[in-house]
Amino acid sequence: MSKDIFVFIECKEGSIRKTSFELLSKGKELAEKLSSELYAVLLGFDTKSLIDEIKPFAHKILSVDTELLKDYRWDTYTDAMEYLIKKYSPYLVLGASTITGKDLFPRLAARLDAPIVSDAIGIEVTDGEIKIKKPIYGGKIISWVTTQNTPISIVTFRPNSFSIVKGDTAAEVIDERLEISMDSRINTNRIDKGGSKKVDLQEADFIICGGRGMKGPENFNILEEIAEILGGRVGASRAVVDSKWRDYEDQVGKSGKTVSPKLYIGCGVSGALHHTMGMDTSKVIVAVNKDPNALIFQYADYGIVDDLFNILPALKDGLKNLKQEA
Amino acid sequence: MNILVFIKQVADTEARILIKGDNRSLEIENKYNLNFFDEFAVEEAIRFKGKVKDSKISVCTYGGKKAVEALRTAIAMGADQAYLIDNTDLDTDDPLITAKILAGFAKKEGFDLILCGRQAIDDENGNIGAMVAEFLKIPHVTAITKLDVVDEKKIIVENDIEGGKETKEVQLPALLTTQKGINEPRVPLITGVMKAMKANIPVIDPVTLGLAKESLDRNASKIKILSYETPKGRPPVKIIDGETPEEKVKKLIKLLREEAKVL
Ligand SMILES: Cc1cc2nc3c(=O)[nH]c(=O)nc-3n(C[C@H](O)[C@H](O)[C@H](O)COP(=O)(O)OP(=O)(O)OC[C@H]3O[C@@H](n4cnc5c(N)ncnc54)[C@H](O)[C@@H]3O)c2cc1C
């Protein structure tokens with residue numbers, strides 16, 4: 001039985017998403033352990049320019065390049081994935097638990113009657129057994145999960161779960177042509193990509209998050225400036241989103257987005273459980289809060305007890321200088 | 001029109017959760033709620049019913065006997081009927097099984113529109129909606145933030161996509177999962193609560209839904225929990241002191257560079 005691995009490549013605005021390179025890096029490591037092949041699966045339209053970027057990361061690239069796959073739709077993408085999976089019989093299919101991944105993979109799993117473990121943060125393969133690490137109950141518990149009674153398993157991972165390791169393979173490119181058609185029961189009327197220029201919140205390496213302590217929407221400018229210096233994103237607590245200071249797409253937490261950047265800085269965020277559930281897998285957490293007893297200090301690596309309006313200008317200048325020196 | 005809403009009862013986010021001695025099961029404090037994202041689904045069903053004459057809302061869950069409480073919450077909000085598909089002794093962690101059962105129920109009950117929350121906040125899977133739709137061979141739309149009725153055969157929905165929103169026309173029957181922002185779920189009125197308390201909630205044996213018992217139990221599950229552990233806690237916070245904000249920030253940046261190595 002094949003132990004080959006598929007990694008589903010996600011594109012956004014014409015480039016490959018960072019999370020796909022993370023998955024390719026992990027997939028390569030697993031394929032080496034299993035002495036199997038890693039396939040990068042690239043679906044889309046006019047994707048030729050992207051193929052070279054993937055080559056060092058995979059053994060083979062399955063490319064389906066057709067106008068029908070230009071924009072993601074579950075109907076065409078599920079059909080294409082089903083076709084490729086039936087043809088190549090991979091043992092593991094890896095994807096990201098992004099908006100697209102959360103839409104595509106459950107549908108695909110049902111189509112194939114294959115088990116799916118979603119929103120995982122780690123994976124190990126030991127003598128034939130797959131062990132998947134997945135937080136549940138908002139990160140209060142870590143579960144280790146495996147699959148059984150199946151030749152194939154699907155796993156989706158949170159962005160930022162693995163580091164990117166550029167390989168030195170020169171993947172063979174296989175062009176696949178397939179018959180697919182759109183489901184006529186769904187018609188896209190309009191696509192609005194409002195904030196698409198921004199770094200994706202879930203993929204950002206750096207997030208500076210403002211809470212109610214920011215006092216008003218105008219004060220988020222300085223957070224935007226700091227985010228820009230570090231190439232990151234501004235996040236917000238629910239209190240901020242509910243007050244309409246920021247959009248819902250910026251919300252970090254249980255009812256917002258789960259993020260795990262390298263560095264999270266919370267400013268005027270109290271650290272309510274519903275908030276920390278969405279950020280406590282961040283690598284390093286810094287909290288700025290004037291209340292020394294704020295809950296967020298229980299989750300932070302570093303804390304500054306002070307008025308954020310004194311700290312933020314100094315932080316902005318300090319980081320600016322740092323970047324200029326570099 | 002027949003509107004089905006699939007819901008789940010989940011542990012409250014504040015509930016204490018302990019890992020039992022065998023590392024394979026959990027002890028959950030007795031604090032349960034209707035899943036956060038499912039409240040939007042129930043609310044949207046009620047609003048839909050207000051727009052389309054002769055609609056009926058049935059809510060259903062595949063869960064333990066206790067899950068009847070979440071069904072009653074949905075009735076108190078305004079659902080017409082509730083069903084409990086009893087999973088006693090059949091509790092598995094495989095969403096494929098749950099989705100097959102719910103699809104079986106939908107086929108038996110009949111439906112024009114199915115709503116459910118975009119994900120459960122306990123296992124955080126978010127698989128059930130698209131899976132049920134696939135088993136029923138109907139279209140699905142995930143994480144909708146708007147639902148408009150065109151006529152009895154067609155709706156227009158808006159949903160989250162990468163970096164934005166998409167608006168699409170969808171033919172019914174279809175399955176939609178609800179995202180925060182679509183509506184403000186109502187707080188049940190006392191009359192609703194009274195009605196819910198008195199409501200007769202049929203208990204359905206899953207084997208009556210066209211699936212063999214052997215295909216539903218732990219041995220049939222394609223997902224197996226190996227163990228649970230508590231996440232590694234962080235070391236205690238280092239509070240950075242200093243005379244001035246500038247001094248504190250300077251120290252912080254130094255630590256982030258040299259100790260944490262993230263800058
Ligand atoms: C079902 C449910 C889901 C939820 N989901 C989420 C979610 O996804 N995300 C989320 O964030 N919340 C969520 N919440 C809400 C959450 O419980 C908290 O209410 C919220 O996170 C609080 O936001 P905050 O920290 O910005 O505000 P507050 O709790 O009001 O905290 C403000 C903080 O700012 C500090 N501060 C004030 N002024 C200054 C200053 N000048 N300098 C420095 N510090 C200052 C204060 O000391 C305080 O600690 C949810 C709640 C429920 C019930």
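For the structure, see preceding data.
In this text the structure is predicted, and so the values were computed from the model without any measurement.

What to know about the overall build of chain B
Here is step 1 of the chain: Helix and strand content of chain B: 6 helices and 15 strands.
Here is step 2 of the chain: The buried share among the 263 residues of chain B stands at 53%.
Here is step 3 of the chain: Long-range contacts, defined as pairs at least 24 residues apart, comprise 69% of the intrachain contacts of chain B with a sequence gap of at least 6.
Here is step 4 of the chain: As displayed, chain B offers around 11900 Å² of accessible surface, 51% of which is attributable to carbon and sulfur atoms.
Here is step 5 of the chain: Taking the 40 positively charged and 42 negatively charged side chains of chain B as two groups, their mean positions are separated by 1 Å.

Here's the deal with the site of the ligand
Here is step 1 of the chain: Around the ligand sit 27 residues, and of these Arg 212, Ser 237, Ser 255, Ser 270 and Asn 289 of chain A come closest.
Here is step 2 of the chain: Nearby residues around the ligand are contributed by chains A and B.
Here is step 3 of the chain: Within the side chain of Ser 237 of chain A, a nitrogen or oxygen atom sits 2.5 Å from an oxygen atom of the ligand.
Here is step 4 of the chain: Within the side chain of Ser 270 of chain A, a nitrogen or oxygen atom sits 2.7 Å from an oxygen atom of the ligand.
Here is step 5 of the chain: With the chains in place, 79% of the 990 Å² that the ligand exposes on its own is no longer accessible.
Here is step 6 of the chain: Grouping the constituent residues of the shell around the ligand by class yields 7 nonpolar, 12 polar and 8 charged.

Examining the interface of chain B and chain A
Here is step 1 of the chain: Each partner contributes residues to the interface: chain B has 82 residues there, and chain A has 91 residues.
Here is step 2 of the chain: Here chain B and chain A share an interface that buries about 7400 Å² over both sides, 55% of which is from carbon and sulfur atoms.
Here is step 3 of the chain: Three residues stand out in chain B for area buried against chain A, namely Glu 162, Lys 222 and Arg 234 of chain B, and they jointly supply 12% of the buried area on that side.
Here is step 4 of the chain: As a salt-bridge pair, Arg 111 of chain A and Glu 134 of chain B come within 2.6 Å of each other at their nearest N and O atoms.
Here is step 5 of the chain: For the pair chain B and chain A, the interface holds 48 residue pairs in polar contact (both at pLDDT 80 or more).
Here is step 6 of the chain: Per-element accounting of the side of chain B that touches chain A gives the leading share, 9 residues, to helix 6 (residues 245-258) of chain B.
Here is step 7 of the chain: Residue classes in the side of chain B that touches chain A are distributed as 40 nonpolar, 16 polar and 26 charged.
Here is step 8 of the chain: Pairing between strand 10 (residues 141-147) of chain A and strand 14 (residues 223-229) of chain B: 6 bridges, direction antiparallel.

Some thoughts on the sheet that holds strand 11 (residues 164-171) of chain B
Here is step 1 of the chain: Reading across the sheet, the 10 strands line up as 13(A)-11(B)-10(B)-9(B)-12(B)-8(B)-1(B)-6(B)-7(B)-13(B) and stay open at both edges, with mixed pairing between neighbours. Two strands close off the open sheet at either side, each with one partner strand: strand 13 (186-192) of chain A together with strand 13 (203-204) of chain B.
Here is step 2 of the chain: Pairing of strand 1 (residues 2-6) of chain B with strand 8 (residues 113-117) of chain B involves 4 bridges; the strand directions are parallel. Note that in strand 8 of chain B the partner of Phe 6 of chain B across the bridge is Cys 116 of chain B.

Concerning the packing of helix 5 (residues 220-229) of chain A against helix 8 (residues 308-325) of chain A
A packed helix pair is summarised by two numbers, namely the angle formed by the two axes and the spacing between the axes.
Residue and element names in this part refer to chain A.
Here is step 1 of the chain: Two elements in contact, helix 5 and helix 8, have axes whose closest approach is 10 Å; the angle formed by their N-to-C orientations is 20°. One way to sum up the angle between helix 5 and helix 8 is to call them roughly parallel. In the crossing of helix 5 with helix 8, the sense of the turn from one axis to the other is left-handed. Residues Ile 222, Leu 223, Glu 225, Ile 226 and Ile 229 of helix 5 pack against Leu 312, Pro 313, Leu 315, Lys 316, Leu 319, Lys 320 and Lys 323 of helix 8.

Cut-offs and rules
Residues numbered from 1 in each chain as written. Chains lettered and ligands numbered in written order. Predicted model: local features only at pLDDT ≥ 70, side-chain atom pairs only at ≥ 80, totals over all residues. Heavy atoms only, no water. Helix = DSSP H or I, 4+ residues; strand = E, 2+ residues; numbered from the N terminus. Buried < 20%, exposed > 50% of the residue type's maximum accessible area, 1.4 Å probe, protein only. Contact = heavy atoms within 4.5 Å. Areas by Shrake-Rupley, 256 points an atom, 1.4 Å probe, with all protein chains shown as cover. Lys, Arg positive; Asp, Glu negative; His and termini not counted. Charge placed at Lys NZ, Arg CZ, Asp CG, Glu CD. Near = heavy atom within 4 Å. Polar contact = N/O pair within 3.5 Å; in protein donor to acceptor, adjacent residues only side chain to side chain. Nonpolar A, V, L, I, M, F, W, Y, C, P; charged D, E, K, R; others polar. Buried area = accessible area lost by both parts, 1.4 Å probe. Salt bridge = Lys/Arg side-chain N within 4 Å of Asp/Glu carboxyl O. Pairing = 2+ DSSP bridges. Axes fitted to C-alpha atoms, helices over the stretch in contact; angles between N-to-C directions. Parallel < 35°, antiparallel > 145°, perpendicular 65-115°, else oblique. Left-handed = near helix turned anticlockwise from the far one by under 90°.

By themselves these figures say nothing about function.
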